[in-house]
Amino acid sequence: MSDLDIQIPTAFDPFADAKAEDSGAGSKEYVHIRIQQRNGRKSLTTVQGLKKEFSYNKILKDLKKEFCCNGTVVQDPELGQVIQLQGDQRKNVSTFLVQAGIVKKEHIKIHGF
Amino acid sequence: MADENQLDAKDEVAELAPFDPTKKKKKKKVTIQDTEDDSVDKLAEKTENLSVSEGLESTFAGLKKKKKKPVETSILNEDTGDAGEDLDDHAGEDDKGDGLVPEHRYPWEGSDRDYEYEELLGRVFNILRENNPELAGDRRRTVMRPPQVLREGTKKTVFVNFMDLCKTMHRQPDHVMTFLLAELGTSGSLDGQQRLVVKGRFAPKNFEGILRRYVNEYVICLGCKSPDTILSKENRLFFLRCEKCGSGRSVAPIKAGFVARVGRRNAGT
Ligand SMILES: [Zn+2]
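Definitions and limits used
The residue count restarts for each chain, going from 1 along the sequence in the order it is written. Chains carry letters from A onward and ligands carry numbers from 1 onward, assigned in written order. Side-chain atom pairs in this predicted model are given and counted only at pLDDT of 80 or more, local residue features only at pLDDT of at least 70, and totals for whole chains, interfaces and linings cover all residues. In computing side-chain values, all of the structure's heavy atoms are included and hydrogens and water are not. Each helix is a run of H or I in the DSSP string that is no shorter than four residues. Each strand is a run of E no shorter than two, and both are numbered from the N terminus. Classification of residues uses two cut-offs on accessible area relative to the type maximum, computed with a 1.4 Å probe and protein chains only: under 20% is buried, over 50% is exposed, and between them is partly exposed. In what follows, residue pairs with any heavy atoms lying within 4.5 Å of each other are defined as contacts. Expected span, for any helix, means 1.5 Å times one less than how many residues it has. To be clear, the arc concerns the directions from the helix axis to the C-beta atoms. The pLDDT value tells you how sure the predictor is about a given residue, anywhere from 0 up to 100. We call an atom a donor if it is N, O or S and sits within 2.8 Å of the metal, or 3.2 Å for Na, K and Ca. Water is not counted, so some sites may look partial. Site shape is set this way: if four donors have all angles between 85 and 135 degrees, tetrahedral; if opposite donors are over 155 degrees apart and all others between 65 and 115, square planar for four donors and octahedral for six; otherwise irregular.

1. Regarding the overall build of chain A
Logical step 1: Scanning chain A from N- to C-terminus turns up 4 helices and 5 strands.
Logical step 2: Shown N-terminal to C-terminal, the secondary structure of chain A runs as helices and strands in the order α-α-β-β-α-β-β-α-β.
Logical step 3: Taking all 113 residues of chain A together, 40% fall into the buried category.
Logical step 4: Considering only intrachain contacts with a sequence separation of at least 6, the fraction spanning at least 24 residues in chain A is 47%.

2. Let's talk about helix α5 (residues 117–131) of chain B
Residue and element names in this part refer to chain B.
Logical step 1: With 15 residues, α5 should reach 21 Å at 1.5 Å per residue; the first-to-last C-alpha distance of 21 Å fits that figure.
Logical step 2: Of all the residues in α5, the buried ones are Glu119, Gly122, Phe125 and Arg129. Down the axis, α5 shows its buried residues gathered within 130° of arc, on one side only. Of the exposed residues in α5, the ones pointing more than 90 degrees away from its buried face are Tyr117 and Asn131.

3. A few points about the confidence of the model for chain B
Residue and element names in this part refer to chain B.
Logical step 1: Across chain B, the average pLDDT comes to 69, with 55% of residues at 70 or higher.
Logical step 2: Here residues 1–101 is a poorly scored stretch, pLDDT under 50, and it has 90 contacts once near neighbours within four places are set aside; other chains count.
Logical step 3: Listed scores for the predicted complex are pTM 0.58 and ipTM 0.72.

4. Some points on the coordination of the zinc ion
Residues and elements named next belong to chain B.
Logical step 1: All of the protein donors around the zinc ion are Cys221 (SG), Cys224 (SG), Cys242 (SG) and Cys245 (SG); their distances to the metal are 2.2 to 2.3 Å.
Logical step 2: Coordination at the zinc ion is tetrahedral: its 4 donor atoms span angles of 107 to 114° at the metal.
Logical step 3: Between consecutive donor residues of the zinc ion, the sequence gaps follow C-x2-C-x17-C-x2-C. Of the two residues, Cys221 sits in the loop between α8 (204–218) and β5 (229–234) while Cys245 sits in the loop between β6 (237–242) and β7 (248–251), which places them 24 residues apart along the sequence.
Logical step 4: Its relative accessible area of 3% is what places Cys221 among the buried residues.

If you want it as structure tokens, here you go:
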């Protein structure tokens, strides 16, 4: 019902604000997997938005072992903990997270090119 | 014929052809083009066939015969070389003439063989295109030119036609730029010639992929797939309103998200 409301192009939807806030900080529901270029052909994969209940270090350990790459957990003042992995592991991470049942597939957003 | 040329042109830019939100659609489109090409080819074969050797069943046989024939004649007429050339010329003209004659619009005309599925399909789509182009599936799509990219030094990439593409999408360059940079996970800015200079090395198809996502998220109307939309900011929310069907939706603001510190360790802090 509320979804329908939002589709109607009305001037002002009192609830739109709150909802958009949620999706805007989308980090709350989405797990963002990003890639960043480093020098040369090196790159970096970051995983942001995993639920706080999870032990990041445990996940990181598994990821590192699974993909044979190094990585670390970074504390970001705004976004909380973020996992960093060496290389472009976006596909790997996404399949891993889904298979391990940590995140649902539709809640993963892969960014980058 | 003009129609075919147009198609060909589109074919050339098939790579960028892109901003089709539904893959299914794209697939369909491709097959249409294929069949069209096929039927055109067949048309050509058939006309050749008709002009040279009438009543031959197999088009291939006809083709072969046709190819051989002029050679033979030229060999035969070798002593009078001019005559041979004349013959060839005439044959060529005849072919062209046949192609233009409207009676041979369809490959099966002039024979009593069965229609082939592809041919009929091609015919249907030709008629559709003539009468109701919007139903033929290739309603004037927002064809965007592929991103042109230059390398600046070894560490920067220049997106040359960035402004052009913004204009085709009818979006603020700022908005597009924010999205591009957020997705690429890098920084960049516009230079004096309004080109987008981005830190890092990126291929044109990198930009293309991201632009495609941008179009899906911030340009295309979900209801009618029309790209005639307006992106406006209301109460610090972004709204996408369709000019065609009037539907609207809110779109997520662009968030850069986490950007890892890359580069020299002692740069900051
Ligand atoms: Zn619409």
